[in-house]
Amino acid sequence: MNKFIKDILKVIKKYDTITIFGHINPDGDCFGSGLALRNMLRDTFKSKKVYALVGNLPQFNERLGNIDIVDDETVKNSLAIMLDCSESERISDQRIITAKQIIKIDHHIENKPFYGVKWVDEDSIATCQMIAEFGFETKMKMSKLTSELLYLGICTDSGRFRYQPTSSKTHRIVAKLLDLGAEVKTLFNIMYLSEEAFVKYQALLVSRFKRTEHNVVYVFADYEDYHQFGLTFDQISKNVNVVGNIKGCPVWCLFTRSDENFIRVELRSNEINVQKIAKKYGGGGHLHASGARLLNQKDFSLAMKVVEDLDAAVAESEKK
């Protein structure tokens, strides 16, 4: 058994109450891994109280379940498991710091070391891949619903199995999830369903994109842009791939400003290391998929500096 899995299982067995946390603005991997781990632990350890506090994903709640609501005392007396997040500062529910102990399970590159029991696997395409591996290695009980939650996270974080580091291991795990009964057609029906207003907003982004000298594609989106369609920041701040994979353009990025004047930065590439640039601006992520938050931004001047750094990175790569 993987040493990290063995260490984590040993700690889990010591606690009667377990709370599971995820990052701000949860995605399919955060939501899926949180609810899947909760379900696995509840089904395997009937006497334990296990709660998922990862943040909802409204379009999937009816199909896959809801998160839990617990009081402060419950968190204080629990083992907290931090999923899909490199740093505790980015956890959506900051009560995590009051827990008796914190375990970290994540697939992102660490910007600063986490001291304690952890399992960080940068070669996993998704935290859901790690949770599935954890479940299979420890022989946890895994229901059909759990298999669908795990499939959701692997599928979305891998860009439908297109992004690195999707591997043969990823596909072997997915095969096991399908054997457990995961019905992927209904999941895809939800993934690809869009409101008319959202489609119109995406069309606006496509009409707005610009290219730098070295073909970095970028879009600046302000709050008036999505408010005109009746949309909120939480609904629209993950749209970078709308302008992705344009022929001859190795890097694409989206900068979305919120009503609170912070800018969500989404960086993607096929080959260029965008993670080091995200780190420069206080963010992080993967080599080819990273992000950051620019706080207190009244305009996009700092965002433009990010674009310039990306352009310089592409220029440098072209010299090699």
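Below is a short write-up of the structure.

So, how was this worked out
Residues numbered from 1 in each chain as written. Predicted model: local features only at pLDDT ≥ 70, side-chain atom pairs only at ≥ 80, totals over all residues. Heavy atoms only, no water. Helix = DSSP H or I, 4+ residues; strand = E, 2+ residues; numbered from the N terminus. Buried < 20%, exposed > 50% of the residue type's maximum accessible area, 1.4 Å probe, protein only. Pairing = 2+ DSSP bridges. Axes fitted to C-alpha atoms, helices over the stretch in contact; angles between N-to-C directions. Contact = heavy atoms within 4.5 Å. Lys, Arg positive; Asp, Glu negative; His and termini not counted. Salt bridge = Lys/Arg side-chain N within 4 Å of Asp/Glu carboxyl O. Polar contact = N/O pair within 3.5 Å; in protein donor to acceptor, adjacent residues only side chain to side chain. Expected span 1.5 Å × (residues − 1). Parallel < 35°, antiparallel > 145°, perpendicular 65-115°, else oblique. Left-handed = near helix turned anticlockwise from the far one by under 90°. Nonpolar A, V, L, I, M, F, W, Y, C, P; charged D, E, K, R; others polar.

1. Some points on unusual backbone geometry
Along the chain, Q164 connects to P165 via a cis peptide bond; the corresponding omega equals 0°. Phi at K139 takes a positive value of approximately 60°, unusual for a residue other than glycine. Residue placement: K139 occurs in the loop between α5 (127-138) and α6 (144-157). Positive phi is not limited to glycine here, since R160 has a value of about 65°. Position of R160 among the secondary structure elements: in the loop between α6 and α7 (168-179). The exposure class assigned to R160 is partly exposed, which follows from its relative accessible area of 28%.

2. Overview of the sheet that holds strand β5 (residues 118-120)
Taken together, 5 strands build an open sheet; the order of strands is β2-β1-β3-β4-β5 and the sheet is parallel. Each of the sheet's edge strands pairs with one partner strand only, and the pair in question is β2 (49-53) and β5. Taken over all neighbouring pairs, the strand axes of this sheet differ in orientation by 20° on average, direction set aside. Where strand β4 (residues 101-106) and β5 come together, 3 bridges link them in parallel fashion. The residue of β5 that forms the bridge with D106 is V120. In the packing of helix α1 (residues 3-14) onto the sheet, the strands contacted are β1 (17-21), β3 (79-83), β4 and β5, and the crossing angle to β5 comes to about 145°. Across the face of the sheet, α5 comes into contact with β3, β4 and β5 while running at roughly 110° to β4.

3. Section: the side chain of D311
The topology assignment puts D311 in helix α13 (residues 301-319). Although D311 is buried, it makes no salt bridge; R211 carries the closest opposite charge, 9.4 Å away. One polar contact links the side chain of D311 to the main-chain amide nitrogen of H214, over a distance of 2.9 Å. If sequence neighbours within four positions are ignored, D311 has contacts with T212, E213, H214, N215 and V216.

4. Focus on helix α2 (residues 28-44)
For α2, which comprises 17 residues, the first-to-last C-alpha distance of 24 Å matches the rise-based estimate of 24 Å (1.5 Å per residue) to within 8%. With 14 of 17 residues buried, α2 is to be regarded as a mostly interior element.

5. Quick notes on the environment of D123
Among the structural elements, D123 can be located in the loop between β5 and α5. With 46 residues separating them along the chain, D123 and K169 place their C-alpha atoms 9.9 Å apart.

6. So, the packing of α6 against helix α8 (residues 184-191)
The N-to-C vectors of α6 and α8 enclose an angle of 50°; their axes lie 11 Å apart at closest approach. When the axis of α6 is compared with that of α8, the two are oblique. Judged by the twist between their axes, the crossing of α6 over α8 is right-handed. Each of E148, Y151, L152, C155 and T156 in α6 lies in contact with α8, whose residues at this interface are V184, L187, F188 and M191. Of the residues belonging to the contact of α6 with α8, the class tally is 7 nonpolar, 1 polar and 1 charged.

7. Digging into the sheet that holds strand β6 (residues 210-211)
One open sheet holds the 6 strands; their spatial order is β6-β7-β8-β9-β11-β10, and the pairing between them is mixed. In this open sheet, the two edge strands, each paired with only one partner strand, are β6 and β10 (284-285). The pairing of strand β9 (residues 263-269) with strand β11 (residues 289-294) spans 6 bridges and is antiparallel. Each residue of the ladder has a partner; that of L267, found in β11, is S290. Set on the sheet, helix α9 (residues 196-208) makes contact with β6, β7 (216-221) and β8 (251-257); between it and β7 the angle comes to about 130°.

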